[in-house]
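Summary of the model geometry
Residues per chain are reported as follows:
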Amino acid sequence: MNQIEIIRAVSDVMDALGVAVVSLGVLWGLFCFAKGLITQTIDIAYKTFRIQIVRSLILGLEVLVAGDVIRTVAISPTMTSVAVLGAIVLIRCFLSWSLTLEIDGRWPWQAPRPGQSD
């Protein structure tokens, strides 16, 4: 294997890991939701389920961005591929911030409201 093939394999592993993080996070959330239906109200169990899914999506997006960065910078560092990477990173950052807003009720750079845990 040459260096390009190794880097491509590493970025493919990162992509698979990102998908696995999201998939396992959703499965874990479903398990906790089913367990929560027994011990908690449906509202609390549902809120916990949503938070788990959002957290796994955010973590999965971070891993997928890492795979894209490795692939773009090491394999094909052309202006077009870097521009596409920039667009992908911007979209994924917006998604991460939107998901964080969904969980916390505030943007990541805002201070917590009084009485709100961080």
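Given the structure is predicted, the values throughout are model-derived calculations rather than measurements.

**A look at the pattern of salt bridges**
Under the defined criterion, the tally for this structure stands at five salt bridges. Linking Arg50 and Glu102 is a salt bridge whose minimum nitrogen-to-oxygen distance equals 1.8 Å. Linking Arg50 in helix α2 (residues 42–74) with Glu102 in helix α3 (residues 79–104), this pair joins segments that are 52 residues apart in sequence. Classification of Arg50 as partly exposed rests on a relative accessible area of 32%. Residue Asp68 pairs with Arg92 through a salt bridge whose shortest N-O separation is 2.6 Å. Here Arg92 lies in helix α3 and Asp68 lies in helix α2, a separation of 24 residues in the sequence. Both residues of the pair, Asp68 and Arg92, belong to the buried class.

**A look at the packing of helix α1 (residues 3–39) against α2**
The contact between α1 and α2 brings their axes to 8 Å, and the two run at 180 degrees. Relative to α2, the element α1 is oriented roughly antiparallel. Considering only residue class, the contact of α1 with α2 consists of 24 nonpolar, nine polar and four charged.

Definitions and cut-offs
- Residues numbered from 1 in each chain as written.
- Predicted model: local features only at pLDDT ≥ 70, side-chain atom pairs only at ≥ 80, totals over all residues.
- Heavy atoms only, no water.
- Salt bridge = Lys/Arg side-chain N within 4 Å of Asp/Glu carboxyl O.
- Helix = DSSP H or I, 4+ residues; strand = E, 2+ residues; numbered from the N terminus.
- Buried < 20%, exposed > 50% of the residue type's maximum accessible area, 1.4 Å probe, protein only.
- Axes fitted to C-alpha atoms, helices over the stretch in contact; angles between N-to-C directions.
- Parallel < 35°, antiparallel > 145°, perpendicular 65-115°, else oblique.
- Nonpolar A, V, L, I, M, F, W, Y, C, P; charged D, E, K, R; others polar.

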